Amino acid sequence: MTYAFAGALTGLVRGRFGRRGIRAVTGRHRLQLPSRLRTDRAYDAVGIAERHGPGVMALLPRAGCVLTGAGCWWWIVPPHSDVGLDWPAPAVYAVGAMVAGPPGRRTGPTGSAEPGVVHWPADGEPYTHPLLLHIAVCAAAGVSPAWPYDDRVRRS
């Protein structure tokens, strides 16, 4: 199997084709980064109910851009941050940052098109580290992080 085919197959399985192609779904919209953080890099998002957001945020040593919309706080994470992780039930993983519901509230000057920003990263890097976020979300949900089991590892 060629590398190009394998990459395309992975994109199809995850519900998107390539890095930029995102399947449009009715009733969904893409979380847009604020214009000052906008990059040409792809991103996914992890959402949790607003009431749990401050608790998760308090557990993170560093957070990237955190947006609000549709009753959730959304952490921006690198693409494919769901591979090898079992996000607990209260969390929602949004491939390509495609989320359900109406776009988030507007907070820019005079109602400009800036999304609702809960946290602005001091270093300008929009991503939150997905493993640290996973651990924080699991702690807030009261569950242990679930790591994938590797069959090649022998038990003693």
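Scroll up a little and you will see the structure.
Our subject in this report is the structure included herewith.

Calculation rules
Residues numbered from 1 in each chain as written. Predicted model: local features only at pLDDT ≥ 70, side-chain atom pairs only at ≥ 80, totals over all residues. Heavy atoms only, no water. Helix = DSSP H or I, 4+ residues; strand = E, 2+ residues; numbered from the N terminus. Contact = heavy atoms within 4.5 Å. Areas by Shrake-Rupley, 256 points an atom, 1.4 Å probe, with all protein chains shown as cover. Buried < 20%, exposed > 50% of the residue type's maximum accessible area, 1.4 Å probe, protein only. Patch = residues over 30% accessible without salt bridge, like charges linked within 9 Å, V, L, I, M, F, W, Y side chains within 5 Å. Salt bridge = Lys/Arg side-chain N within 4 Å of Asp/Glu carboxyl O. Pairing = 2+ DSSP bridges. Axes fitted to C-alpha atoms, helices over the stretch in contact; angles between N-to-C directions. Phe/Tyr/Trp six-rings, centres within 6.5 Å; stacked < 30°, edge-to-face > 60°. Lys NZ or Arg CZ within 6 Å of the ring centre and 35° of its normal. Core = buried A, V, L, I, M, F, W, Y, C linked by side-chain atoms within 4.5 Å.

**Focus: the overall build of the protein chain**
Okay, so step 1: Across its full length, the protein chain carries three helices and nine strands.
Okay, so step 2: What you see in the protein chain, going N to C, is helices and strands ordered as α-β-β-β-β-α-β-β-β-β-β-α.
Okay, so step 3: Within the protein chain, contacts between residues separated by at least 24 positions form 72% of all contacts whose residues are at least 6 apart in sequence.
Okay, so step 4: Carbon together with sulfur atoms contributes 58% to the accessible area of the protein chain, which is approximately 9,300 Å² in total.

**What to know about unusual backbone geometry**
Okay, so step 1: Positioned with a positive phi, H80 is a non-glycine residue whose angle comes to about 70°.
Okay, so step 2: Mapped onto the secondary structure, H80 falls in the loop between β6 (72-77) and β7 (92-94).
Okay, so step 3: Taking the relative accessible area as the measure of exposure, H80 reaches 40% and is therefore partly exposed.
Okay, so step 4: At A97, a position not held by glycine, the phi torsion is positive, near 60°.
Okay, so step 5: Topologically, A97 is positioned in the loop between β7 and β8 (98-100).

**Concerning a nonpolar patch on the surface**
Okay, so step 1: On the surface, a cluster of nonpolar side chains totalling about 360 Å² of accessible area is made up of L131, L132, I135 and W147.
Okay, so step 2: Mapped onto the elements, I135 comes out in helix α3 (residues 130-141).
Okay, so step 3: A residue is classified by how much of its surface remains accessible, and I135, at 40% relative accessible area, is partly exposed.

**Considerations on the sheet that holds β6**
Okay, so step 1: Ordered by their spatial adjacency, five strands build an open sheet running β7-β4-β6-β5-β9, and the pairing between neighbours is antiparallel. Pairing within the sheet leaves two strands with one partner each, and these edge strands are β7 and β9 (116-119). Along the sheet, successive strands turn relative to each other by an average axial angle of 35°, direction set aside.
Okay, so step 2: Across four bridges, the pairing between strand β5 (residues 66-69) and β6 is antiparallel. Residue pairing for β6: G69 is matched across the bridge by C72.

**Topic: the packing of aromatic side chains**
Okay, so step 1: One pass over the structure, following the stated rule, counts two aromatic pairs.
Okay, so step 2: Residues W73 and W75 carry aromatic rings whose centres are separated by 6.2 Å and whose planes lie at 55° to one another, so their mutual orientation is tilted. Here W73 matches W75 in class, with each residue buried.
Okay, so step 3: For the cation-ring pair, R30 lies above Y43, with the distance from its terminal atom to the ring centre recorded as 4.2 Å.
Okay, so step 4: The lysine or arginine in question, R36, covers the ring of W120, its NZ or CZ lying 4.5 Å from the ring centre.

**Considering the nonpolar core**
Okay, so step 1: V46, V56, L60, W75, W87, L133 and V137 are the most contacted members of the largest nonpolar core, which totals 17 residues.
Okay, so step 2: Of all the elements in the fold, those that place two or more residues in this core are β4 (44-49), α2 (53-59), β6 and α3.
Okay, so step 3: Setting aside its immediate chain neighbours within four residues, V56 contacts I48, W75, L133, A136, V137 and A140.
Okay, so step 4: Listed in part, the 14 residues of the second largest apolar core include L31, W74, A97 and V99.

**Some remarks on the pattern of salt bridges**
Okay, so step 1: For the structure shown, the criterion picks out two salt bridges.
Okay, so step 2: Between R62 and D123 there is a salt bridge, with the nearest N and O atoms lying 2.8 Å from each other. Of the two residues, R62 is situated in the loop between α2 and β5 and D123 in the loop between β9 and α3; the sequence distance between them amounts to 61 residues.
Okay, so step 3: Judged by relative accessible area, which is 53%, D123 ranks as exposed.

Remember that the coordinates give geometry; whether it matters functionally is a separate question.
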